[in-house]
Amino acid sequence: MKISILIPCYNEELTIKRCIYSCINQSRPADEIVVVNDSSTDKTVSILKRFGSQIRLVHTIKNTGNKSHVQEYGLKFVTGDVFITTDGDTILEKDFVSIIEKDMRDSSVFAVAGYVRSLKYNWITSCRAIDYAISQNIDKLAQHYLNFIFVIPGAAGAFRTEIFRNKILFTHDTLTEDLDFTYRLHKMGYKIKYNRKAICYTQDPSTLKSYVNQMRRWFAGGWQNFLKHFNIPEKPGMAFELSLIYLEGLVFSVLAFIMPIINLYLSVRIFLIYCFIIFIFVIFGAFKEKRPDFIFALPGYILLKYINAWIFLEQFFQEVILGRKNLNWFKPGRVKI
Amino acid sequence: MIPPLLGPSTLIHVFIVIIGKTANYAKQILKKKKNGAKIISLIIMLSVLLLIFGFFYYAIRSSVKSDKSNLNIMQNLLAN
């Protein structure tokens, strides 16, 4: 089985070197590493050229400004039976390719969703790491049992190349192409496996501004995909999960802001109970990821949850009520890894 | 996309995971792929599930009893 790694990148001079090293130094080497430079304006290209024949470097004709365009272009150069998608700021664990190969030996599996960890930097990245720990060890595991993985992460996904090329057309009409692919794969009846041992480390926003902008992209993309794939799904697990996540998000986000106006005393009591429940989950996440810094990020985590709720409602209003389809891709600032 | 808030969906998912893992362990034990640790984990999970359901059963029963006794008191007051 020939395995390729496809890495779209734009202005990744601070992170691309470690990303490529992690792809090269795999326990089971990838047969091909295709790096697609989306007309970077910094030192990304000169860094990539130093890797010589170890990677296949291709360039877009002009900056596309959108990851799905870059992936579509790069897929033309992929020759492997299976291709792994990752990002220019992501580090793959040493046995990532080996684990993907084992999963793909099962011919019924079409795609594999890996496990994403956030690189440690400050309290904001710790909060993101808490979210990853809870969502991947509880939510995603439950989705695995319901036979509906909500999303194959763009930083840690693997697909069968030929079927992807022939059946999955890139549509570039949402801000979260990974959600779009995943929903389409489910509708086509392809089997998606979730493997928590296929681990990668990614860089998440480290400033509040870039965090907010990324959440805007994620939630805008989420609502865009919800509207795009709104047909009643045949999979009961899919219908259940979509209803649960979007409806709960909407109802509780509204309640979070309206309750204090309706009954301040009751909302304070509910808030304290909510904080206690979050504390339990944060302890779970800290234990699971061996990250004691999660405990200290708890107050920030609760604050970011309310910010998330606000942005979720804001994007619901913009994408669903007003019908404004925002396709401006936001790229968070990078720090050296 | 990560859910915006930690809500009932996460708690529901916890139940699904416990039930799913319990079913998996049970399947493996039935296929005779058992080992001591898996049997102990299965017993613990079943106990947790029983405790959770027992708690909800007790809570609902207490609530119903309390409603019934409140109803009786109201009826007595109205009769008087």
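Up top is the structure.
Residues numbered from 1 in each chain as written. Chains lettered and ligands numbered in written order. Predicted model: local features only at pLDDT ≥ 70, side-chain atom pairs only at ≥ 80, totals over all residues. Heavy atoms only, no water.

A. Inspection of empty space enclosed by the protein at higher detail. Residues and elements named next belong to chain A. Counted according to the given criterion, the structure contains three cavities of 30 Å³ or more. Taken as a whole, the largest cavity holds about 50 Å³ of empty space. In terms of lining, the largest cavity is formed by Q71, T85, I152, P153, G154, F159, E177, D178, F181 and T182. Sort the elements by how many residues they give to the lining of the largest cavity and helix α7 (residues 177-187) lands first, with four residues. Its residues placed into classes, the lining of the largest cavity shows four nonpolar, four polar and two charged. (1 Å grid on protein atoms, 1.4 Å probe; cavity = no way out; pocket = protein on both sides within 12 Å on 5 of 7 lines; lining within 4 Å. Points joined across faces, edges and corners; volume = space filled by probe spheres on them. Helix = DSSP H or I, 4+ residues; strand = E, 2+ residues; numbered from the N terminus. Nonpolar A, V, L, I, M, F, W, Y, C, P; charged D, E, K, R; others polar.)

B. A positive patch on the surface, seen in detail. All names here are of chain A. Together, K17, K43, R50 and K336 make up a positively charged patch on the protein surface. Considering the arrangement of structural elements, one finds K336 in the segment after α12 (298-321). On the accessibility criterion, K336 (66% relative accessible area) is exposed. (Patch = residues over 30% accessible without salt bridge, like charges linked within 9 Å, V, L, I, M, F, W, Y side chains within 5 Å. Areas by Shrake-Rupley, 256 points an atom, 1.4 Å probe, with all protein chains shown as cover. Salt bridge = Lys/Arg side-chain N within 4 Å of Asp/Glu carboxyl O. Lys, Arg positive; Asp, Glu negative; His and termini not counted. Charge placed at Lys NZ, Arg CZ, Asp CG, Glu CD. Buried < 20%, exposed > 50% of the residue type's maximum accessible area, 1.4 Å probe, protein only.)

C. The arrangement of the interface of chain A and chain B in detail. Each partner contributes to the interface: chain A provides 35 residues, whereas chain B provides 19 residues. Roughly 2,500 Å² of surface becomes buried between chain A and chain B when both sides are summed, with 76% attributable to carbon and sulfur atoms. Of all residues in chain A, D139, Y145 and E248 of chain A give up the largest surface area on contact with chain B, accounting jointly for 23% of the area buried on that side. Inspection of the chain A/chain B interface yields zero salt bridges. Counting the contacts that link chain A with chain B gives five residue pairs in polar contact (both at pLDDT 80 or more). Of all the secondary structure elements, the ones that give two or more residues to the side of chain A that touches chain B are α5 (123-145), α8 (208-228), α9 (236-262), α10 (264-289) and α12 of chain A. Ranked by residues supplied to the side of chain A that touches chain B, first place goes to α5 of chain A with 10 residues. (Contact = heavy atoms within 4.5 Å. Buried area = accessible area lost by both parts, 1.4 Å probe. Polar contact = N/O pair within 3.5 Å; in protein donor to acceptor, adjacent residues only side chain to side chain.)

D. α12 of chain A, seen in detail. In this model α12 of chain A runs 33 Å from its N-terminal to its C-terminal C-alpha over 24 residues, within 8% of the 34 Å that 1.5 Å per residue would give. Following α12 of chain A by one or two positions, G323 of chain A has its phi on the positive side, about 70°. (Expected span 1.5 Å × (residues − 1).)

E. Region of the structure containing the pairing of strand β8 (residues 191-202) of chain A. Residue and element names in this part refer to chain A. As defined by bridge partners, strand β5 (residues 91-92) adjoins β8 across two bridges and the pair is classed as antiparallel. Bridging across to β8, I91 finds its partner in Y201. As judged from the eight bridges shared by strand β6 (residues 109-118) and β8, these two strands associate in the parallel manner. Bridged to V116 within β8 is C200. (Pairing = 2+ DSSP bridges.)

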